[in-house]
Amino acid sequence: MSAQRPESTQGSERVQGSGSAPKPGCASKPERVIGAEALVRCLEEEGVGIVFGYPGGVALPIFDALYSSEKVATVLPRHEQGAVHMADGYARTSGRPGVAVVTSGPGAANTITGIANAYLDSIPLVVVTAQVATAVIGTDAFQEIYTTGITLPVTKHSYLVKDVAELPQTVKEAFHIAATGRPGPVVIDMPVDVSKSEIDFAYPASVSLPGYKPSVRGHGRQVKEAVALIKSARRPLLYAGGGILAAEASRELKETAELMQIPVATTMMGKGSFPEDHHLWIGMPGMHGAKYTNFAITETDLLIAVGARFDDRVTGKLASFATKARIIHIDIDPAEIGKNKVADCPIVGDAKNVLSSILAELRKSEAEPKTQEWIAKIDGWRKQFPLHYGTAQKGTAQKGTGQAGTGLAGSTGTSSASGPAVLYPQFVVERLSALTKDRETVITTEVGQNQMWACQFYSLREPRTWVSSGGLGTMGFGLPAAIGAQAARPDALVVDIAGDGSIQMNIQELATARLNGYPVKVVVLNNGFLGMVRQWQELFYGRRYASSVISQEVPDLVMLAEAYGCFGIRVTEPTEVDAALLAAFEFDGPAVVDCRVAPEECVYPMVAPGSSIDEMLGGIPGGPVSEMLDDEVAEEVQG
Amino acid sequence: MAQVQHTLSVVVENKPGVLTRVTSLFARRGFNIDSLAVGTTEDPTLSRITIVCSAADASLEQITKQVYKLINVIKVQDLDPAESVERELVLFKVNAPAERRHEIIEIANVFRAKIVDVGRNSLTIEATGASDKVGAMEDLFRAYGIKEMARTGKIALTRGREN
């Protein structure tokens with residue numbers, strides 16, 4: 001992979017790494033270097049083209065070594081949390097481990113949210129934290145914290161390098177562990193004296209980890225059993241998660257779905273693993289899934305979970321989740337199988353390998369799809385209960401009935417004669433989806449309503465074009481993640497769908513985008529509230545908006561964008577949306593679109609916490625599904 | 001679900017911090033450790049951690065899988081008491097005025113325990129055995145007054161199956 005060095009240098013701050021003396025080539029011949037240089041050589045050997053790093057006292061040797069690297073570019077964020085989210089966004093869009101480098105103490109402490117975020121979403125990261133000298137570890141030295149201790153519960157593994165001789169092996173292992181099996185973040189804590197000690201550098205060719213042998217291939221007998229279940233199912237459903245993306249198994253997923261005509265629901269983490277304009281795609285399940293998606297899960301007789309973990313945001317009340325179904329659970333992590341839901345057919349393995357084996361068996365046995373009626377049933381629900389919006393301002397003009405995946409049904413964006421048009425946040429997302437339909441686009445999100453509307457109304461087609469904080473739900477993730485995504489895919493249009501609350505959590509990274517030439521676009525669905533908190537307060541706390549009122553006016557996001565040297569534009573009317581988005585896209589640099597949207601719009605439908613997923617608030621009335629089945633299906637269900 | 005006591009034998013790489021990784025995992029996933037013993041194995045690069053904990057079967061399976069996922073963990077076994085040998089070591093310092101010393105020594109002999117220290121008013125007794133034997137001794141010595149007691153965690157091995 002070539003170094004991801006931004007072309008444009010719009011500001012005074014240059015990405016480091018150019019113009020220094022040429023480095024000797026291959027590492028196979030031992031060479032005397034200091035630990036910090038050895039670390040950089042290791043990164044080069046791993047093909048790392050970019051690191052996101054914030055320096056500090058004990059990290060200086062490492063940054064000094066990075067400064068002379070011809071192959072590794074260094075991007076300076078404005079906060080260590082930003083550095084880790086950037087590495088995360090880079091990893092999600094490139095499929096390669098992201099790398100962040102920070103100093104000890106507060107630098108390391110500031111990475112915790114980013115590391116935890118990557119841990120819960122199984123994203124491969126290598127985070128190098130500098131540490132105080134080995135001689136003073138444990139003495140509460142200046143900027144000392146017990147980094148491997150505080151990161152322990154949120155890392156896949158971690159290392160404290162006490163001897164420079166262990167460094168190359170450690171880095172080799174760290175990358176191997178981060179990227180294989182169920183991916184995750186690995187921390188390397190590097191004391192400053194280790195960074196300065198000399199070593200004859202040679203990069204090891206292999207790792208030796210007797211306790212780490214992920215099962216990649218599914219068990220043959222289990223695969224045969226799964227195939228038998230698939231062949232006999234009348235109402236099968238694929239429930240695909242982030243494991244599809246991690247295993248690069250999108251093609252196998254599509255082939256399986258098409259061969260047996262099995263509808264596919266993708267989780268938020270699995271978005272992009274299956275084209276959302278495909279007739280077999282039936283949406284995202286769970287708390288803010290479409291009714292038809294959740295009804296399908298409730299009625300399926302065979303739930304095929306692939307790389308998904310039955311998270312509570314998907315299952316709602318676990319006891320009533322997919323109760324009519326046999327369950328095939330395919331996951332590379334044996335601990336996920338049976339954790340929340342007992343599987344009738346568990347298969348431990350890599351999604352790509354297992355789906356390939358299943359496909360091969362299905363083809364060998366010339367299995368025929370039997371799902372015509374089932375698909376017709378789901379399509380009926382889809383027509384009856386589409387995603388729609390416009391609940392907050394009843395009686396006003398614009399009502400969208402858009403469906404994720406099919407774009408823009410119903411919304412026009414024009415004012416009616418009866419009054420001023422309301423700018424709905426969903427409409428903005430729909431327009432964004434329509435306007436980016438024919439160009440390479442990566443969508444990142446913040447967390448909350450903005451994220452759920454992005455899930456519902458943006459239609460994704462390609463793997464690794466969706467970057468969103470799932471497990472941890474980290475506000476402030478979207479902007480730095482967008483910068484990382486832009487670094488991985490310089491030619492893509494990268495758009496952060498943001499809320500006015502979340503964007504302020506890492507707004508400082510606009511400077512990073514501006515000065516390093518990453519032209520990311522931030523579309524803020526500005527409703528003046530911490531919107532999802534406000535929604536829960538409206539629904540479950542008697543509209544007592546405790547600490548959820550922020551402001552649509554403060555800060556002035558347009559002026560703030562301009563203060564950072566970015567393009568800022570405000571949208572208050574539906575008719576202005578297209579022009580503002582296009583102006584932002586066309587601007588040669590980062591841009592902020594401040595959309596002043598309907599303040600009290602809710603994300604619907606919604607499964608109240610603790611409810612069954614077929615009992616949904618909002619949306620088109622109707623349900624739970626069992627009351628709406630026609631006699632034929634009802635008979636079959638009961639039978 | 002019924003909580004059952006299990007003995008987990010966890011073989012790990014003998015490296016710094018590995019015990020913390022294992023025990024903090026128990027804490028994080030909400031498991032209480034009843035007893036813990038750690039020492040090297042026949043191979044000095046490996047250590048054996050013996051953990052006694054109470055758990056329902058389903059949650060035990062979950063914690064076992066989570067422990068197994070740790071990079072430094074080589075092997076996890078849930079030992080079947082019928083198929084394994086288990087031992088604990090206890091030191092009792094028992095109140096022993098001269099007139100009652102004889103009785104206490106008798107009890108120790110019955111359990112094949114050893115007197116390892118004799119004080120003016122106390123006897124220190126070393127005993128090994130399975131948990132129930134150790135518990136039975138403790139019960140008997142309580143009648144005399146146990147001044148102090150130290151008890152190791154349980155260690156265990158599966159029985160030889162060579163034959």
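Everything discussed here concerns the structure shown above.
What comes next concerns the included structure.

What counts as what
Residues numbered from 1 in each chain as written. Chains lettered and ligands numbered in written order. Predicted model: local features only at pLDDT ≥ 70, side-chain atom pairs only at ≥ 80, totals over all residues. Heavy atoms only, no water. Pairing = 2+ DSSP bridges. Helix = DSSP H or I, 4+ residues; strand = E, 2+ residues; numbered from the N terminus. Axes fitted to C-alpha atoms, helices over the stretch in contact; angles between N-to-C directions. Salt bridge = Lys/Arg side-chain N within 4 Å of Asp/Glu carboxyl O. Buried < 20%, exposed > 50% of the residue type's maximum accessible area, 1.4 Å probe, protein only. Contact = heavy atoms within 4.5 Å. Buried area = accessible area lost by both parts, 1.4 Å probe. Polar contact = N/O pair within 3.5 Å; in protein donor to acceptor, adjacent residues only side chain to side chain. Nonpolar A, V, L, I, M, F, W, Y, C, P; charged D, E, K, R; others polar. Right-handed = clockwise from strand over helix to strand, strands pointing away. Parallel < 35°, antiparallel > 145°, perpendicular 65-115°, else oblique. Left-handed = near helix turned anticlockwise from the far one by under 90°.

### Notes on the sheet that holds strand β7 (residues 185–191) of chain A
All names here are of chain A.
Now for step 1: Ordered in space as β3-β2-β4-β5-β7-β6, the six strands form an open sheet in which the pairing is parallel. Of all the strands in the sheet, the pair left with one neighbour each is β3 (73–75) and β6 (157–160). In this sheet, neighbouring strand axes are inclined to one another by 20° on average, regardless of whether the strands run parallel or antiparallel.

### Brief notes about the pattern of salt bridges
Now for step 1: Applying the stated criterion across every chain, the model contains 40 salt bridges over all chains.
Now for step 2: With a shortest N-O distance of 4.0 Å, K254(A) and E258(A) are connected by a salt bridge. With K254(A) and E258(A) both in helix α11 (residues 250–260) and four residues apart, the pair spans about one turn of that helix.
Now for step 3: Of the residues examined, K254(A) reaches a relative accessible area of 31% and is grouped as partly exposed.
Now for step 4: Among the ionic pairs, R363(A) bridges to E255(A), the shortest N-O distance being 3.3 Å. Linking R363(A) in helix α14 (residues 351–364) with E255(A) in helix α11, this pair joins segments that are 108 residues apart in sequence.
Now for step 5: Through salt bridges that share partners, R182(A), D333(A), E336(A), K339(A) and K69(B) make up one connected network.

### Remarks on the sheet that holds strand β16 (residues 493–499) of chain A
All names here are of chain A.
Now for step 1: Strand order in the open sheet formed by six strands is β15-β14-β16-β17-β19-β18, with parallel pairing between adjacent strands. Two strands in the sheet have a free side with no partner beyond their single neighbour: β15 (466–467) and β18 (567–571).
Now for step 2: Helix α17 (residues 449–457) rests against β14 (441–445), β15, β16 and β17 (521–526) of the sheet, and its axis sits at about 130° to β16.
Now for step 3: Seen against the sheet, helix α22 (residues 577–586) touches β16, β17, β18 and β19 (591–596) and runs at an angle of roughly 175° to β18.

### So, the interface of chain B and chain A
One frequently used descriptor of interface size is the decrease in accessible area upon assembly of the parts.
Now for step 1: Between chain B and chain A, the residue contacts involve 15 residues of the former and 17 residues of the latter.
Now for step 2: Roughly 1,400 Å² is buried in total at the junction of chain B and chain A, and carbon and sulfur atoms are behind 55% of that figure.
Now for step 3: One can count one salt bridge joining chain B with chain A.
Now for step 4: Measuring nitrogen to oxygen at the nearest pair gives 2.6 Å for the salt bridge that ties D333(A) to K69(B).
Now for step 5: If you look at where chain B meets chain A, you find six residue pairs in polar contact (both at pLDDT 80 or more).
Now for step 6: A per-class count over the side of chain B that touches chain A returns four nonpolar, five polar and six charged.

### A look at the pairing of strand β2 (residues 50–54) of chain A
Residues and elements named next belong to chain A.
Now for step 1: The element β2 is extensively covered by neighbouring structure, given that four of its five residues are classed as buried.
Now for step 2: Bridge count between β2 and β3: three bridges; the pairing is parallel. Bridge assignment links V51 to a residue of β3, and that residue is T74.
Now for step 3: Considered for its hand, the β-α-β crossover made up of β2, helix α2 (residues 60–67) and β3 is right-handed.

### Thoughts on unusual backbone geometry
What you tend to see is this: most non-glycine residues have negative phi, and most peptide bonds are trans.
Residues and elements named next belong to chain A.
Now for step 1: With an omega of 0°, the peptide bond running from V554 to P555 counts as cis.
Now for step 2: Residue placement: P555 occurs in the loop between α20 (531–540) and α21 (557–563).
Now for step 3: Even without glycine at this site, F310 takes up a positive phi of about 50°.
Now for step 4: Summarising the element assignment, F310 is placed in the loop between β11 (302–306) and α13 (312–315).
Now for step 5: Of note in the backbone geometry, R464 takes a positive phi value of approximately 60° without being a glycine.
Now for step 6: Within the fold, R464 resides in the loop between α17 and β15.
Now for step 7: According to the relative accessible area criterion, R464 is buried, its value standing at 15%.

### What to know about the environment of I63(B)
Residues and elements named next belong to chain B.
Now for step 1: Structurally, I63 can be placed in helix α2 (residues 57–69).
Now for step 2: Looking at I63, the relative accessible area reads 0%, which means it is buried.
Now for step 3: Along the sequence, I63 and F26 sit 37 residues apart, while their C-alpha atoms lie 7.3 Å from each other.

### Looking at the environment of I137(A)
Now for step 1: Summarising the element assignment, I137(A) is placed in the loop between β5 (125–131) and α6 (147–151).
Now for step 2: Considering only alpha carbons, one finds I137(A) and P191(A), 54 residues apart in sequence, at a separation of 8.6 Å.

### With respect to helix α1 (residues 35–45) of chain A
Residues and elements named next belong to chain A.
Now for step 1: When you tally the buried positions in α1, you get nine out of 11 residues, the bulk of the element.
Now for step 2: Residues of α1 that are buried: G35, A36, A38, L39, V40, R41, C42, L43 and E44.
Now for step 3: Where α1 ends, the next residue or the one after it, G47, has phi of about 75°, a positive value.

### A few points about the pairing of strand β3 (residues 46–55) of chain B
Residues and elements named next belong to chain B.
Now for step 1: With respect to burial, β3 is a largely interior element, eight of its 10 residues being buried.
Now for step 2: Two elements, strand β1 (residues 4–13) and β3, share 10 bridges in a ladder whose sense is antiparallel. Bridge pairing links L8 to I51 in β3.
Now for step 3: Of the strand pairs in this sheet, strand β2 (residues 33–40) and β3 are connected by seven bridges, and their pairing is antiparallel. Across the sheet, residue S35 finds its bridge partner in β3, namely V52.

### Describing the packing of helix α16 (residues 425–435) of chain A against α22(A)
All names here are of chain A.
Now for step 1: Interhelical geometry of α16 versus α22 gives an angle of 55° and a closest axis separation of 10 Å. One way to sum up the angle between α16 and α22 is to call them oblique. Viewed along their axes, α16 and α22 form a crossing whose handedness is right-handed. The segment α16 lies against α22, with F427, V428, R431, L432 and L435 engaging V577, D578, L581, L582 and F585.
Now for step 2: Here the contact of α16 with α22 is composed, by residue class, of eight nonpolar, no polar and two charged.

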